[in-house]
Amino acid sequence: MPGPDVDVMGGSGRPSSPPTLAPAPAKPWRGSVRAYRAYPWFAASVLGALVVCAVFAPWLSAQSPTDGDITMKLIPPIWMERGTSEHPLGTDRFGRDVLSRIIHGSRISLLVSLIAIVVAGSIGTTVGLIAGYRGGITDTLLMRLTDIGLSLPTILIAVVIVAVSEPSFRNVILVIALLLWPRFARQVRGETLAVKEQDFVALAVVAGRSSTWIITRHIFPNVIPTLLVISTLQVGYVVLLEGTLSFLGVGVPPPNPAWGLMIADGRGFLATAWWISLFPGLAMLLTVLAVNLMGDWLRDHLDPKLRQAGARV
Amino acid sequence: MTRYLAGRLAQTVLSMLVVISIVFVLTRLSGNPVDLLLDANATEQDHAILMHHLGLDRPMPVQYLIYVKNIALGDFGNSVLTRRPVTEHIWERLPATAELGFVAMALSVLIGVPLGMYSAVHRGSPLDSGARIFAVLGQSMPPFWLGLMLILLFGVLLGVLPAGGRGGIQHIILPAFTLGYFTSAAILRLTRSAMLEVLGSDYIKFARLKGLHEQIVLWKHGLKNALLPVVTFAVMLFVQFLFLGGAVVTETVFAWPGLGRLILESITTRDYPIVQAGVLVLSALYLTGNLFVDVLYSYLNPRIRRAGA
């Protein structure tokens with residue numbers, strides 16, 4: 001059942017707004033429509049495994065993720081010569097167990113994504129709700145701010161932040177949230193514009209409810225499905241972003257077992273100890289892949305209106 | 001159209017000012033540079049003299065205006081390390097970044113467009129499924145990891161391509177592919193859907209009815225009409241990806257002597273003037289690139305042109 005024809009990219013009612021160059025996003029592969037509609041078992045199992053890893057990391061990993069035995073350094077994976085069952089995926093240059101670090105790394109990826117998305121989502125939702133409901137000059141100003149926010153070269157700003165301070169969890173989350181909130185603001189504003197026109201809002205106005213009441217009690221609940229979908233679609237992006245920042249040395253500080261840091265650690269050992277970089281990268285690839293597939297599926301099922309809004313950077 | 005252009009231009013300038021302001025605030029927050037420049041024996045008076053000399057004793061708003069003025073004049077100061085003007089360093093590194101950017105972009109179009117066309121024409125074929133996997137992977141793969149794995153495969157194991165540095169054609173293949181893969185995946189998806197749409201149109205049916213050769217129908221009538229969104233989108237994506245951080249990442253992985261690598265090296269050596277200038281230059285390129293694409297897009301797309309009139 002198609003919803004009302006809403007321009008979810010936030011262009012409606014603002015003819016002079018810049019084109020949101022979102023290309024007519026690629027339609028799902030028609031040849032595999034059934035595969036697309038089917039429940040994404042692969043994605044769901046990968047994500048399930050990931051959450052289990054993150055929650056039970058200390059019990060799942062036999063070794064410490066940060067303390068290594070230097071006499072056991074650069075041990076190859078179990079199936080290679082010299083490999084031991086103690087370190088199934090080998091050890092790094094400090095003798096730290098690669099598998100344990102990957103398992104603990106899932107905590108970092110998920111935690112950073114979760115906090116960054118909650119922060120960005122709260123800011124973006126507030127801005128979007130107010131802009132959409134108030135309209136007029138408030139809307140124009142807030143959306144201009146959003147456009148500027150969207151146009152900032154965030155990785156570069158992250159680089160400066162770290163150049164003048166030190167890499168820290170707080171900075172990573174701050175930078176990612178700074179990049180992310182405008183995406184939420186845009187979508188939520190579009191949705192608000194649609195919900196605002198419905199009868200129950202008009203009734204609430206007639207009943208004399210305050211704007212705050214209407215926004216929080218009547219409009220916000222109707223925006224939640226959209227929020228859920230956008231949030232899921234952003235997780236993969238955030239994981240990649242955090243990985244990139246950590247890899248560049250401007251993200252999560254060592255010796256934390258962030259996947260990006262582990263990949264960077266293995267750079268100097270590609271010829272001799274490739275496993276240090278390969279496995280954390282695979283973990284990241286699988287995670288992002290699973291989240292993206294799950295997000296696509298959610299978008300198709302929860303919120304048909306969002307189908308056109310699949311543009312990701 | 002003019003109103004739209006003016007608005008878009010104003011927004012770009014505003015965004016640049018925001019970036020400049022963020023950089024300004026961050027550098028001022030980082031502590032007094034005088035402490036870094038003077039040694040421990042310096043007296044209170046030395047501090048005051050140097051502060052005055054650097055203009056640090058003036059009120060913040062004045063410092064900010066001077067800062068913006070210098071940037072507008074293209075004066076970024078001197079490198080702390082080499083004492084040479086920062087602009088010289090930047091100019092030295094810019095060609096390498098541009099070279100990598102152009103090759104990567106060409107590569108992503110050369111991969112994305114034909115694959116997308118083929119997969120649209122042969123919908124449901126094994127190659128179509130292959131193309132889908134290629135595209136989905138491209139959007140989920142960490143680029144820095146892809147770069148390292150390519151080095152591992154082609155540089156270390158097979159030994160056919162160099163693992164880093166700038167030189168002949170063989171040096172640019174791996175970094176260009178690393179940088180272009182993400183974009184080529186997106187171009188593939190877009191070409192495919194645009195082609196499918198065009199192929200279902202009446203004029204294509206008519207061209208076929210006329211008995212035109214299938215290849216002419218596909219390449220001349222089909223691709224020509226599907227290409228416009230693809231090209232604008234490709235340029236946009238590319239500008240974003242390259243200047244948003246793609247340059248920094250790829251150049252770091254492949255020891256490519258471009259601007260991105262210069263910035264990262266300068267962080268290690270604490271050469272802040274270079275970091276600042278490099279970030280501002282890349283940001284400016286990113287913002288103008290976006291502006292250029294938006295203008296191009298609105299020019300090519302009559303609906304937007306009218307809306308702004």
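Residues numbered from 1 in each chain as written. Chains lettered and ligands numbered in written order. Predicted model: local features only at pLDDT ≥ 70, side-chain atom pairs only at ≥ 80, totals over all residues.

For the rest of this paragraph, the subject is the overall build of chain B. Secondary structure summary: chain B contains 13 helices and zero strands in total. Along chain B, helices (α) and strands (β) appear in the sequence α-α-α-α-α-α-α-α-α-α-α-α-α when read from the amino end. Relative to its length of 309 residues, chain B is extended, with a C-alpha radius of gyration of 25 Å against a globular reference of 19 Å. A separation threshold of at least 6 residues defines the contact pool for chain B, and within that pool the share at least 24 residues apart is 72%. (Helix = DSSP H or I, 4+ residues; strand = E, 2+ residues; numbered from the N terminus. Rg over C-alpha atoms; globule rule 2.2 N^0.38 Å. Contact = placed C-beta atoms within 7 Å.)

Within chain A, the secondary structure is distributed over eleven helices and zero strands. Along the chain direction, N to C, the helices and strands of chain A fall in the order α-α-α-α-α-α-α-α-α-α-α. Counting all 313 residues of chain A, 49% fall into the buried class. Long-range pairs, those at least 24 residues apart, make up 70% of the contacts in chain A between residues at least 6 apart in sequence. (Buried ≥ 20, exposed ≤ 12 C-beta atoms within 10 Å, placed from the backbone.)

Attention shifts here to the environment of Ala-44 of chain A. Residues and elements named next belong to chain A. Mapped onto the elements, Ala-44 comes out in helix 2 (residues 41-55). The exposure class of Ala-44 is partly exposed, given the 14 C-beta atoms found within 10 Å. Between the alpha carbons of Ala-44 and Met-294 there is a distance of 7.1 Å; along the sequence they are 250 residues apart.

All right, on to the nonpolar core then. The biggest cluster of nonpolar side chains holds 161 residues, and the ones touching the most others in it are Val-159 and Ile-176 of chain A. Considering every element that reaches this core, the biggest residue donor is helix 10 (residues 214-253) of chain B, with 16 residues. If we ignore the near neighbours within four places in the chain, the residues touching Val-159 of chain A are Val-250 of chain A together with Val-248, Ile-263, Ile-267 and Val-279 of chain B. (Core = buried A, V, L, I, M, F, W, Y, C linked by C-beta atoms within 7 Å.)

The subject of this paragraph is the interface of chain A and chain B. The partner chain B presents 63 residues to the 46 residues of chain A that form the contact. Among the secondary structure elements, those contributing two or more residues to the side of chain A that touches chain B are helix 5 (136-151), helix 6 (154-164), helix 9 (211-247) and helix 11 (275-302) of chain A. Residue composition of the side of chain A that touches chain B, grouped by class: 32 nonpolar, ten polar and four charged. (Nonpolar A, V, L, I, M, F, W, Y, C, P; charged D, E, K, R; others polar.)

For the rest of this paragraph, the subject is helix 1 (residues 2-29) of chain B. The end-to-end C-alpha distance of helix 1 of chain B is 40 Å, a good match for the 40 Å that 28 residues give at a rise of 1.5 Å each. Looking at helix 1 of chain B, one finds that the buried residues are Tyr-4, Arg-8, Thr-12, Ser-15, Met-16, Val-19, Ile-20 and Val-23 of chain B. (Expected span 1.5 Å × (residues − 1).)

Residues and elements named next belong to chain A. Inspection of the secondary structure assignment puts Asn-222 in helix 9. Using a count of 16 C-beta atoms within 10 Å as the deciding quantity, one classes Asn-222 as partly exposed. Considered as a pair, Asn-222 and Thr-192 are 30 residues apart in the sequence and their alpha carbons are 8.4 Å apart.

Take the environment of Leu-26 of chain B next. The topology assignment puts Leu-26 of chain B in helix 1. Once you skip the residues sitting within four places of it in the chain, Leu-26 of chain B turns out to touch Val-160, Ile-161 and Val-164 of chain A.

Below, the discussion takes up the confidence of the model for chain A. Residue and element names in this part refer to chain A. Per-residue confidence for chain A gives a mean pLDDT of 80, with 84% of residues at or over 70. In this model residues 30-36 is a low-confidence stretch, pLDDT under 50, and it forms seven contacts with partners more than four residues away in sequence or in other chains. Every residue in residues 307-313 is under pLDDT 50, and counting partners more than four places away or in other chains gives 15 contacts. (pLDDT = per-residue confidence, 0-100.)

To continue, consider the packing of helix 6 (residues 126-138) of chain B against helix 8 (residues 169-199) of chain B. Residue and element names in this part refer to chain B. The geometry of helix 6 relative to helix 8 is characterised by a closest axis approach of 8 Å and an angle of 130 degrees between their N-to-C directions. Classed by the angle they form, the pair helix 6 and helix 8 counts as oblique. Between helix 6 and helix 8 lies a crossing of left-handed hand. Contacts between helix 6 and helix 8 involve Ala-131, Phe-134, Ala-135 and Gly-138 on the former and, on the latter, Tyr-181, Phe-182, Ser-184, Ala-185, Leu-188 and Arg-189. The class makeup of the residues in the contact of helix 6 with helix 8 is seven nonpolar, two polar and one charged. (Axes fitted to C-alpha atoms, helices over the stretch in contact; angles between N-to-C directions. Parallel < 35°, antiparallel > 145°, perpendicular 65-115°, else oblique. Left-handed = near helix turned anticlockwise from the far one by under 90°.)

Of all ten residues that make up helix 11 (residues 259-268) of chain B, eight are buried, and the element is covered over most of its length. Just past helix 11 of chain B, the residue Arg-270 of chain B takes up positive phi, approximately 55 degrees.

Let's shift gears to the confidence of the model for chain B. All names here are of chain B. Averaged over chain B, the pLDDT score is 82; the fraction of residues at 70 or greater is 92%. Of all secondary-structure elements in chain B, the lowest mean pLDDT belongs to helix 13 (residues 302-308), at 51, while helix 7 (residues 143-157) reaches the highest, 91. Both scores are given for the predicted complex: the pTM is 0.81, the ipTM 0.81.

Glancing now at the packing of helix 5 (residues 86-121) of chain B against helix 6 of chain B. Helix packing geometry: the angle between the two helix axes and the distance between the axes. Residues and elements named next belong to chain B. In contact at an axis separation of 8 Å, helix 5 and helix 6 are set at 135 degrees when each is read in the N-to-C sense. Relative to helix 6, helix 5 is oriented oblique. Two packed elements cross with a definite hand, and for helix 5 against helix 6 that hand is left-handed. Residues Leu-115, Tyr-118 and Ser-119 of helix 5 touch helix 6, and the partners they reach there are Leu-127, Asp-128 and Ala-131. Of the residues assigned to the contact of helix 5 with helix 6, the class counts are four nonpolar, one polar and one charged.

Turning to unusual backbone geometry, a few remarks are in order. Glycine aside, a negative phi is what most residues show, and trans is what most peptide bonds show. Here the amide bond leading from Pro-254 of chain A into Pro-255 of chain A is cis, since omega sits at 5 degrees, within 30 degrees of zero. Note that Pro-255 of chain A resides in the loop between helix 9 and helix 10 (259-265). For Arg-83 of chain B, which is not glycine, the phi torsion reads 65 degrees and is therefore positive. Tracing the backbone shows Arg-83 of chain B in the loop between helix 4 (60-72) and helix 5.

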